[in-house]
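# Tertiary structure, described
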There are 2 protein chains.
Amino acid sequence: MTVADAGTTASALTVRPVPGLPMVRPGDDLAALVEQALAGAGIRLGDGDVVCVAQKVVSKAEGRLIALADVTPSAEAVELARRTDKDPRLVQLVLDESTEVVRSKPGVLIVRHRLGLVGANAGIDQSNIEHGDGGEQALLLPRDPDASARRLREALQAGSGARLGVVITDSSNRPWRLGTIGAAIGCAGIRVLDDRRGGHDIYGRELQVTLINRADAYATMATLVMGETTERIPVAVIQGLAPDAVDEPASRIIRPLEEDLFK
Amino acid sequence: MTVADAGTTASALTVRPVPGLPMVRPGDDLAALVEQALAGAGIRLGDGDVVCVAQKVVSKAEGRLIALADVTPSAEAVELARRTDKDPRLVQLVLDESTEVVRSKPGVLIVRHRLGLVGANAGIDQSNIEHGDGGEQALLLPRDPDASARRLREALQAGSGARLGVVITDSSNRPWRLGTIGAAIGCAGIRVLDDRRGGHDIYGRELQVTLINRADAYATMATLVMGETTERIPVAVIQGLAPDAVDEPASRIIRPLEEDLFK
């Protein structure tokens with residue numbers, strides 16, 4: 001049988017960094033800034049292109065900066081901060097964003113974010129954050145990254161006339177492998193998981209490992225070219241894909257709790 | 001400070017599937033087959049190109065096929081097979097290839113492979129394997145995938161005159177995210193981990209998450225275009241990278257046991 005997919009083609013893919021985004025501030029129209037950067041880089045969006053945007057600039061535009069001075073840590077946060085050698089106010093923000101502490105030890109605080117993402121510090125970032133008038137700030141993940149991706153997609157499609165995908169990317173660590181790769185935390189207009197489990201191989205045997213995470217692959221390609229410079233270019237475009245008939249959110253990627261192998 | 005790296009540039013990357021590889025058999029000269037496929041696809045290798053080859057064809061060329069009929073399961077394998085609903089002979093092969101069973105339950109057998117890779121069934125594959133005269137066969141990972149990558153690199157460099165990287169790719173699952181991405185299990189001629197932990201962000205704050213796994217990013221890009229067709233094209237080339245001055249093995253990626261967060 002053929003498991004080929006109308007939305008995919010075995011052709012070359014190109015991932016292109018998009019420099020020139022200005023410093024993003026709360027309330028900025030991120031889609032407009034991305035459009036200007038694309039124009040400045042001479043990139044014209046076409047059908048099937050996937051625009052990848054780093055979580056950090058999405059969060060900044062959405063005003064997800066919190067002044068640590070405004071955070072009052074609970075007794076639980078103070079105790080967890082002591083055990084992990086972290087700022088109690090940061091730990092309070094991590095707890096506020098999470099449903100579960102997965103692992104904690106000195107220097108390490110791995111939690112399950114309310115979005116289902118498992119990672120260090122609930123994705124809260126303190127690098128490349130402007131120091132506000134209130135002193136140190138922390139940047140939370142977007143409140144609903146899939147919704148952020150949908151809004152960006154609508155605006156970028158309206159501006160370009162092209163049928164696009166949008167992926168909001170973050171960097172991700174894994175338990176047994178060193179070094180970060182990309183993760184898709186918000187998606188619109190793409191097939192996130194390519195399910196080939198019903199297929200058969202060329203000898204008629206049922207395919208074993210066939211749920212391909214396309215969204216994380218896009219995020220990883222984008223993160224690679226984004227990370228090439230000190231400035232951390234926060235936008236990249238993947239070209240060469242056919243437009244996807246399927247539109248899935250990144251929330252589909254979260255492994256259901258009942259399938260969690262560590263429970 | 002500048003953390004830019006001579007071996008990297010913020011330019012577009014292209015990943016190109018290389019169709020046309022014939023069915024690979026034990027003893028085949030894989031480098032010669034890859035060269036023929038590249039020529040057939042009209043791809044000329046240049047300095048900095050990274051040739052990605054799926055583990056499956058490397059293992060086949062290296063004769064890592066085992067007839068299940070030749071395997072006598074131990075009492076331990078029989079018991080573990082009962083608990084995981086798997087063939088006791090396959091479980092015996094998994095145990096032979098592993099140093100530790102990480103998790104087991106019905107349908108799931110996650111082990112630490114002797115190479116340090118943590119995953120299902122020690123990477124042993126039963127799909128797209130020809131049924132030999134001895135009946136069902138299983139395909140083990142290459143004995144030393146970094147050595148396989150070095151050999152492939154030497155042969156492909158000799159044939160092309162270009163300064164290349166080689167990555168042997170496998171598909172990889174993660175505990176909390178659905179869908180496979182690529183993993184680099186053998187590398188030659190590339191910087192595997194890009195360590196930016198000594199750098200500072202544009203506000204002078206020390207960078208927090210800055211060990212970028214380039215090798216897994218290459219493997220993920222390659223795996224994405226390899227998986228687009230039923231035939232699972234097992235070769236892809238990444239172009240647009242500057243030649244890397246650093247040559248690291250994939251074994252560097254394995255998180256040291258003493259840093260294992262699940263111990």
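Residues numbered from 1 in each chain as written. Chains lettered and ligands numbered in written order. Predicted model: local features only at pLDDT ≥ 70, side-chain atom pairs only at ≥ 80, totals over all residues.

## Comments concerning the overall build of chain A
For chain A, the helix and strand inventory stands at 6 helices and 12 strands. By the burial criterion, 48% of the 263 residues in chain A qualify as buried. Taking all contacts inside chain A whose residues are at least 6 apart in sequence as the whole, residues at least 24 apart take part in 63%. (Helix = DSSP H or I, 4+ residues; strand = E, 2+ residues; numbered from the N terminus. Buried ≥ 20, exposed ≤ 12 C-beta atoms within 10 Å, placed from the backbone. Contact = placed C-beta atoms within 7 Å.)

## Some details on the packing of helix 6 (residues 214-226) of chain A against helix 6 (residues 214-226) of chain B
One can describe the packing of helix 6 of chain A onto helix 6 of chain B by two numbers: an axis separation of 9 Å at closest approach and a directional angle of 130°. Between helix 6 of chain A and helix 6 of chain B, the crossing angle belongs to the class labelled oblique. As helix 6 of chain A packs across helix 6 of chain B, the resulting crossing turns out to be left-handed. Along the contact surface, helix 6 of chain A presents Arg214, Ala217, Thr220, Met221 and Leu224 of chain A, while helix 6 of chain B presents Arg214, Ala217, Thr220, Met221 and Leu224 of chain B. Split by residue class, the contact of helix 6 of chain A with helix 6 of chain B holds 6 nonpolar, 2 polar and 2 charged. (Axes fitted to C-alpha atoms, helices over the stretch in contact; angles between N-to-C directions. Parallel < 35°, antiparallel > 145°, perpendicular 65-115°, else oblique. Left-handed = near helix turned anticlockwise from the far one by under 90°. Nonpolar A, V, L, I, M, F, W, Y, C, P; charged D, E, K, R; others polar.)

## With respect to the environment of Leu178 of chain A
With respect to the helices and strands, Leu178 of chain A occurs in the loop between strand 8 (165-172) and strand 9 (181-188). For Leu178 of chain A, the contacting residues outside a window of four places in its chain are Leu193, Leu211, Asn213, Ile253 and Arg255 of chain B.

## Observations concerning the sheet that holds strand 6 (residues 118-120) of chain A
All names here are of chain A. The 3 strands lie next to each other as 4-5-6, forming an open sheet whose pairing is antiparallel. Every interior strand has two partners, whereas the edge strands, strand 4 (98-105) and strand 6, have only one. When the angles between neighbouring strand axes are averaged without regard to direction, this sheet yields 25°. The pairing of strand 5 (residues 108-113) with strand 6 spans 3 bridges and is classified as antiparallel. Residue pairing in the sheet places Ile110 in a bridge with Ala120 of strand 6. (Pairing = 2+ DSSP bridges.)

## A closer look at helix 1 (residues 30-40) of chain B
Because an α-helix packs 3.6 residues into every turn, residues spaced three or four apart end up facing the same way. Residues and elements named next belong to chain B. Taken residue by residue, helix 1 has Leu30, Ala31, Leu33, Val34 and Leu38 as its buried positions. Down the axis of helix 1, the smallest arc covering the buried residues is 160°, so these residues share one side. Facing away from the buried surface of helix 1 by more than 90 degrees, the exposed residues are Ala32 and Gly40. Looking at the buried side of helix 1, the elements it contacts are strand 2 (50-54), helix 2 (55-61), helix 5 (145-160) and strand 12 (235-239). Gly42 lies just past helix 1 and shows a positive phi near 70°. (Arc of directions from axis to C-beta.)

## Comments concerning helix 4 (residues 88-96) of chain B
Residue and element names in this part refer to chain B. Helix 4 sits mainly inside the fold: 7 of its 9 residues count as buried. When helix 4 is considered as a whole, its buried residues turn out to be Pro88, Arg89, Leu90, Val91, Gln92, Leu93 and Val94. Looking at the buried residues of helix 4, the elements they touch are strand 3 (65-67), helix 3 (75-84), strand 4 (98-105), strand 5 (108-113) and strand 7 (137-139).

## Observations regarding the domain arrangement of chain A
Residues and elements named next belong to chain A. What the domain assignment lists for chain A is domain 1 (14-63 + 142-254) and domain 2 (65-139). If you look at the interface, domain 1 gives 12 residues, while domain 2 gives 9 residues. Examining the composition of the side of domain 1 that touches domain 2, we find that 3 residues originate from one element, helix 2 (residues 55-61), more than from any other. Of the residues in the side of domain 1 that touches domain 2, the class split is 3 nonpolar, 5 polar and 4 charged. (Domains from an automatic or database assignment.)

## Re the confidence of the model for chain A
All names here are of chain A. When pLDDT is averaged along chain A, the result is 89; 86% of the residues meet or exceed 70. Note on residues 1-9: pLDDT is under 50 here. Beyond four places in sequence and across chains, it has 19 contacts. Across the interfaces of the predicted complex, the ipTM metric reaches 0.91, alongside a pTM of 0.92. (pLDDT = per-residue confidence, 0-100.)

## Looking at the environment of Arg174 of chain A
Among the structural elements, Arg174 of chain A can be located in the loop between strand 8 and strand 9. For the pair Arg174 of chain A and Ala217 of chain A, spaced 43 residues apart in sequence, the C-alpha separation works out to 15 Å.

## Side note on the sheet that holds strand 9 (residues 181-188) of chain B
Ordered in space as 9(A)-8(A)-2(A)-12(A)-1(A)-1(B)-12(B)-2(B)-8(B)-9(B), the 10 strands form an open sheet in which the pairing is mixed. The open sheet has two free edges, formed respectively by strand 9 of chain A together with strand 9 of chain B, since each of these has just one partner strand. Going from strand to strand, the sheet's axes swing by 25° on average, the running direction of each strand aside. In this structure, strand 2 of chain B lies alongside strand 12 of chain B, joined through 4 bridges in antiparallel fashion. Following the sheet pairing, Val53 of chain B is matched in strand 12 of chain B by Val235 of chain B. Its contacts with the sheet put helix 5 (residues 145-160) of chain A on strand 2 (50-54), strand 8 and strand 9 of chain A, and the angle it makes with strand 9 of chain A is roughly 70°. Contacts between helix 6 of chain A and the sheet are confined to strand 1 (13-17), strand 2, strand 8, strand 9 and strand 12 (235-239) of chain A together with strand 1 (13-17) and strand 9 of chain B, with strand 9 of chain A contributing the most and set at about 120° to the helix.

## Regarding the pairing of strand 12 of chain A
Residues and elements named next belong to chain A. Most of strand 12 sits out of view: 4 of its 5 residues are buried. Across 4 bridges, the pairing between strand 1 and strand 12 is antiparallel. Directly across from Pro17, in strand 12, lies its bridge partner Ala236.

## Some details on the packing of helix 3 of chain B against helix 4 of chain B
Residue and element names in this part refer to chain B. Where helix 3 contacts helix 4, the two axes come as close as 8 Å, and the packing angle between them is 115°. As judged from the angle between their axes, helix 3 and helix 4 are roughly perpendicular. The element helix 3 and its partner helix 4 pack so that their crossing is right-handed. Of helix 4, the residues touching helix 3 (which contributes Glu76, Ala77, Val78, Leu80, Ala81 and Thr84) are Pro88, Val91, Gln92 and Leu95.

## A word on the pairing of strand 5 of chain B
Across the 6 residues that make up strand 5 of chain B, a large majority, 5, are buried. Hairpin remark: strand 4 of chain B followed by strand 5 of chain B, antiparallel, with 2 residues in the connecting loop; positive phi at Gly107 of chain B, about 85°.

## A closer look at unusual backbone geometry
Its identity as a non-glycine residue notwithstanding, Asn121 of chain A has a phi of 55°, on the positive side. You can see Asn121 of chain A is positioned in the loop between strand 6 and strand 7 (137-139). Unusually for a residue other than glycine, Ala122 of chain B sits at a positive phi of about 55°. Within the fold, Ala122 of chain B resides in the loop between strand 6 (118-120) and strand 7.

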